Amino acid sequence: MKTIQFNKLYKQFNITSVILILVSLFLLLFKGLNYGVDFKGGTLIEIRTNQSNSKISLIRDSFNQMNLGDVSVKSFGNKTDYIVKFEKQNSNDPEFIENIKQKLSNSIGDVDFRRVENVGPKVSAELLRSGIIAIGLSLAAMLLYIWIRFEWQFSLGAILALFHDVILTLGIFSLFSLEINLSIVAAVLTIVGYSMNDTVVIFDRVRENLKKYADIKIFDLTNISINETLSRTIITSITTLLALLSIYLFGGEILKGFSLAMILGVIFGTYSSIYIANPILVLLKVSQRTIIKEEKD
Amino acid sequence: MLYFSKLRVISVLIFTLVISYFALSNFLKFDDDYFAKNIKLGLDLQGGSYLLLEIDNSPVIIQKLQNKLSSLKKFFKEKNIRSTNFKIIDDRKISFVVDETTSDEVLSLLNSKESEINPYFQRFKTHEFDVEETKVWSSSNITLQFSDYGLVLLKNSSLDQAIEIVRRRVDEVGTNEPNILKRGNDRILVELPGLDDPARIKTLLGKTANLTFRFVTQSTEESFGTEKLKFEDGSEEAIVSKRIILSGDNLVDAKPSMDTQSNQTVVNFTLDRVGSKKFGKATSNGVGKRLAIILDGTIISAPNVVEPIIGGSGQISGDFTFQSATDLALLLRSGALPAPLNIIEERTVGPDLGQDSIEAGIFSLIIGFVLVVLFMIYKYRIFGVIANLALISNLFLLLGILTLFEATLTLPGIAGIILTVGMAVDANVLIFERIKEEVKNEKNYIIAFDSGYTKSRTTILDANITTLIAAFILFFMGSGPIKGFSVTLGIGILTTLFSVYFIARLFTAFFVIKNKNKENLI
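As the structure is a computational prediction, the values presented were derived from the model and not from experiment. (Residues numbered from 1 in each chain as written. Chains lettered and ligands numbered in written order. Predicted model: local features only at pLDDT ≥ 70, side-chain atom pairs only at ≥ 80, totals over all residues.)

(A) Up close: the overall build of chain B. For chain B, the helix and strand inventory stands at 13 helices and 21 strands. Here the C-alpha atoms of chain B give a radius of gyration of 35 Å, more than 25% beyond the 24 Å that 2.2 N^0.38 yields for 522 residues. Considering only C-alpha atoms, chain B reaches an extent of 110 × 70 × 35 Å along its principal axes. The buried share of chain B, reckoned over its 522 residues, is 41%. Within chain B, residue pairs in contact and separated by at least 24 positions form 69% of the contacts whose partners lie at least 6 positions apart. (Helix = DSSP H or I, 4+ residues; strand = E, 2+ residues; numbered from the N terminus. Rg over C-alpha atoms; globule rule 2.2 N^0.38 Å. Buried ≥ 20, exposed ≤ 12 C-beta atoms within 10 Å, placed from the backbone. Contact = placed C-beta atoms within 7 Å.)

Rendered as structure tokens:
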């Protein structure tokens, strides 16, 4: 296979990445994330209506009359299905949901509540905290693992690549106001694992080549390593994306957000393994001595 | 790397077949009880309700403080120590005043390790109460509040009681295989598979069911020892005495029934021996008075006592429907909760949505699987077939292990299986790509394949361990459906490694040794 000069574009892509990260951070700070009931608290109801021609505005109107705080109504997959979310959650009134169902039936005819999620403010705060801790913990665990297996320069490169993937994925979710719920946290953690996996494969090859070629500069050495592992990188990305795409398209509405986050993460992860992790090694002037020293220790 | 002993081949084969048998037992009926295991479906797939309840312990704390206050008073009286001004501050502290001259003695009585009134827990090196002293003029103000461990002890005991009551109430309703678990020291998790309308259970769990019988007083104003309470329908109010004639603790049974005279639904109850005696005595003295039957601070009814009730059984009338009488009887039979429960999280999935999710999940699994299989054959031809054989056995192993451990399969769990399909081929891809490189320099296929396997090994391990770490963290931090995802993802990695190194390698070795003299093998 022809050798592709990935390293010629290190600078351009690094600048692009930095810009994208800054834009994402800007979005996260000023636009914020669209938290679902898991993290914000409140009530979510998945409704199936009898007629496929029931108007979304009609549903919205009847919910607005119930004094439930901020109500959002969205259609959900099928023409007959809707997701309704509102702030209020009432733990002390066992008839709360039943009453809503009654009122709704009165105004738009028979409805089926396919799913109800009701999360109190204390629980949602806890879920958010444990989600953030989980992501932080996984990043720390990866940092540690790579540190043990490689030198610190590699560890830093891998972790920066991970940050890049996580921040960009969340940035896109912020940009399009996509909902962040528990399954997105699971997706982000899996992205962390996948992106690491990709980076490790290239790093392993870099280390091997460092031992083999003493006189090749790290700038070219990373390029050789990327090329040698390139077909694997592409094939694995394709098979993973095939699997994720089939979840996204056929796995039902509930898994849409999860699979979308994963698809984005796999694309960013593949990119960052090449264009973030490797330039960091160049920047940190990794050479044969870096790993020889490691072996002496 | 390409050599396999016969023993190894056989054990790999047997292991794979046994595990696959478990996988198949989910779809086929086998005629044996021992291996009849099934994957459990999570609530999101089979439909059902998930409720997280939190105990509001503040009434229990106040109750315990009041008890402690009385015993402190008694204790100091017995010891002949003058103590005054007992009160409860902020619903969390007991405070009282003693003379400065006796304060040292009081403190030593409270803080000694042998203290009768403030027990010391050797294991946790703490008393039940923390004691503080502030000197004011010639007297000492002493405050007691629960120590951290004292509070934990209290919470644990009220949680244990509550969980027992919750279990009884849920069992009485008769849902199939409910799951009731402790969470922390003030929460109870209730999982109710197959229940798509939890309203009734929520109503039952939302009631403390504290039943008392108390006399209605003649006065029209609230005074010391009485309180004003509302009737259940909210129409009337009555002043009732605080003195409890009889409480729900003395009930041994309660049943709904039809009163033949009034043609109304009532609840019949039976009392234990102590209860019958108390009730008999009180009703004998109180003929002509109204006896209020009070549940959780509201009056159900307040009938006139016509004659003494001495048989140890009685009747609660009220504005009941048959359903509400049944529920009241159930609550009385199962006993009172030590403290109110709040539902702080509820997730309910209807059975048809669960079924839809299963269908969508399986359909996308099949599509994903077919796409990956076709892509591997396109890319690697015969070795693609070998990788696919590994992938198929991987799926069987994964399902089999999930069945063996009776793990819970959730919708995200199915996503984890599909993701495993996509990522599992990675290990074989790494190996095949490495072999391709080796073949360029090494004409002997057997040596080339051998070193391909050897050289890719650490990379494959590193790459899989990272994903395993992520799955591990998810398992410990995640809840419910997400936990299901981490389980399939994590086990998927282990079965992937097994299928690549034992199954795919076996086929590869077999094929290479047979065709070692052919050109362009890979």
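Still to come is the rest of the account.
(B) The overall build of chain A, seen in detail. If you tally the helices and strands in chain A, you get 11 helices and 6 strands. Taken over C-alpha atoms, the radius of gyration comes to 24 Å for chain A, far larger than the 19 Å a tight globule of 297 residues would show. C-alpha atoms of chain A, sized along the principal axes, occupy 80 × 40 × 30 Å. In chain A, buried positions account for 48% of the 297 residues. The long-range fraction of contacts in chain A, counting pairs at least 24 apart against all pairs at least 6 apart in sequence, stands at 76%.

(C) Highlighting the domain arrangement of chain A. When its domains are assigned, chain A resolves into domain 1 (6–36 + 123–296) and domain 2 (42–119). Between the C-alpha centres of domain 1 of chain A and domain 2 of chain A the distance comes to 39 Å. (Domains from an automatic or database assignment.)

(D) Inspection of the sheet that holds strand β18 (residues 298–301) of chain B at higher detail. Residues and elements named next belong to chain B. Here 6 strands make up an open sheet; going across it, the order is β13-β12-β18-β17-β11-β14 and the pairing mixed. At either margin of the open sheet sits one strand with a lone partner, and together these are β13 (237–241) and β14 (246–247). Relative to β13, strand β12 (residues 226–231) is paired through 5 bridges, and the arrangement is antiparallel. Bridge pairing in β13 places Leu229 opposite Ala238. (Pairing = 2+ DSSP bridges.)

(E) Helix α8 (residues 218–250) of chain A, seen in detail. All names here are of chain A. For α8, with 33 residues, the first-to-last C-alpha span of 44 Å sits near the 48 Å given by 1.5 Å per residue. At Thr229, α8 shows its strongest bend, of approximately 50°. Phi turns positive one or two residues past the end of α8, at Gly252, with a value near 95°. (Expected span 1.5 Å × (residues − 1). Bend = angle between axes of the 7 residues up to and from the residue.)

(F) Structural detail: the interface of chain B and chain A. Facing the 57 residues of chain B at the interface are 58 residues of chain A. Of all elements in the fold, only α6 (199–205), β20 (341–349), α9 (351–380), α11 (411–441), α12 (445–477) and α13 (481–514) of chain B reach the threshold of two or more residues within the side of chain B that touches chain A. With 14 residues, α9(B) is the single largest residue contributor to the side of chain B that touches chain A. Here strand β5 (residues 111–119) of chain A runs beside β20(B); their pairing, made up of 5 bridges, is antiparallel.

(G) The arrangement of unusual backbone geometry in detail. At Ala209(B), a position not held by glycine, the phi torsion is positive, near 65°. Tracing the backbone shows Ala209(B) in the loop between α6 and β11 (211–215).

(H) Seen up close, the packing of helix α1 (residues 6–24) of chain B against helix α10 (residues 382–404) of chain B. Residues and elements named next belong to chain B. Relative orientation of the contacting elements α1 and α10 amounts to 65°, with a least axis distance of 7 Å. Taken together, α1 and α10 sit at an angle that is classed as roughly perpendicular. Note on packing geometry: the crossing formed by α1 with α10 is left-handed. Facing Thr16, Ile19, Ser20, Phe22 and Ala23 of α1, the residues of α10 in contact are Ser393, Phe396, Leu397, Leu399, Gly400, Ile401, Thr403 and Leu404. When its residues are assigned to classes, the contact of α1 with α10 shows 8 nonpolar, 5 polar and no charged. (Axes fitted to C-alpha atoms, helices over the stretch in contact; angles between N-to-C directions. Parallel < 35°, antiparallel > 145°, perpendicular 65-115°, else oblique. Left-handed = near helix turned anticlockwise from the far one by under 90°. Nonpolar A, V, L, I, M, F, W, Y, C, P; charged D, E, K, R; others polar.)

(I) Geometry of the environment of Arg232(A). Tracing the chain through its elements places Arg232(A) in helix α8. Looking at Arg232(A), the number of C-beta atoms within 10 Å reads 23, which means it is buried. As for Arg232(A) and Val201(A), which are separated by 31 residues in sequence, their C-alpha atoms are 9.2 Å apart. Beyond its immediate sequence surroundings of up to four residues, Arg232(A) is in contact with Val201(A), Val429(B), Leu430(B) and Glu433(B).

(J) Here's a closer look at the packing of α9(B) against α11(B). All names here are of chain B. The geometry of α9 relative to α11 is characterised by a closest axis approach of 8 Å and an angle of 10° between their N-to-C directions. Viewed along their axes, α9 and α11 adopt a mutual orientation that is roughly parallel. In this structure, α9 contributes Ser357, Gly361, Ser364, Leu365, Gly368, Phe369, Val372, Met376 and Tyr380 to the contact, and α11 contributes Leu411, Ile414, Ile417, Ile418, Val421, Gly422, Val425 and Phe432. Of the residues assigned to the contact of α9 with α11, the class counts are 12 nonpolar, 5 polar and no charged.

(K) Highlighting the sheet that holds strand β8 (residues 139–146) of chain B. Residue and element names in this part refer to chain B. Taken in spatial order, the 4 strands make up an open sheet running β3-β4-β8-β7, and their pairing is antiparallel. Of all the strands in the sheet, just β3 (83–89) and β7 (129–136) have a single pairing partner and so form its edges. On average, adjacent strands in this sheet sit at an angle of 20° to one another, irrespective of strand direction. Bridge count for strand β4 (residues 93–99) against β8 is 7 bridges, and the pairing is antiparallel. Bridging across to β8, Val98 finds its partner in Ser140.

(L) Highlighting the pairing of strand β3 (residues 71–76) of chain A. Residue and element names in this part refer to chain A. Relative to strand β4 (residues 78–86), β3 runs antiparallel, the two sharing 6 bridges. Each bridged residue has a counterpart across the sheet, and for Val73 the counterpart in β4 is Val84. The hairpin formed by β3 and β4 contains 1 residue between the paired strands, and Gly77 there has a positive phi angle of roughly 70°.

(M) Highlighting the domain arrangement of chain B. Segmenting chain B into domains produces domain 1 (6–47 + 350–514), domain 2 (58–151) and domain 3 (211–346). On a C-alpha basis, the centroid separation for the pair domain 1 of chain B and domain 2 of chain B is 63 Å.

(N) Region of the structure containing the nonpolar core. Membership of the largest hydrophobic core comes to 196 residues, with the highest contact counts inside it found for Ala158(A), Val188(A), Leu189(A), Ala162(B) and Leu474(B). No other element matches the 17 residues that helix α7 (residues 182–212) of chain A contributes to this core. In contact with Ala158(A), other than residues within four places in its own chain, are Met142(A), Ile146(A), Met196(A), Thr199(A), Phe203(A) and Ala277(A). The next biggest cluster of nonpolar side chains, apart from the first, holds 8 residues, and it includes Leu65(B), Leu72(B), Phe76(B) and Ile94(B). (Core = buried A, V, L, I, M, F, W, Y, C linked by C-beta atoms within 7 Å.)

(O) Structural view of helix α6 (residues 152–175) of chain A. Taking 1.5 Å of rise per residue, the 24 residues of α6(A) would be expected to cover 34 Å, and the 34 Å separating its terminal C-alpha atoms lies within 8% of that figure. Count one or two residues on from α6(A) and you reach Ser177(A), which has phi positive near 50°.

(P) Representation of the environment of Val188(A) in the model. All names here are of chain A. Looking at the secondary structure, you find Val188 in helix α7. Under the C-beta neighbour-count criterion, Val188 is labelled buried, with 23 such atoms within 10 Å. In this structure the C-alpha to C-alpha distance between Val188 and Gln153, which are 35 residues apart in sequence, comes to 24 Å. Among all residues touching Val188, those that are not within four sequence positions of it are Ile135, Val166, Thr169 and Ala261.

(Q) Examining the environment of Val185(A) more closely. Residue and element names in this part refer to chain A. Here Val185 shows up in helix α7. The class for Val185 is buried, based on 25 C-beta atoms found within 10 Å. Taking C-alpha positions, Val185 is 37 Å from Ser107, a pair spaced 78 residues apart along the chain.

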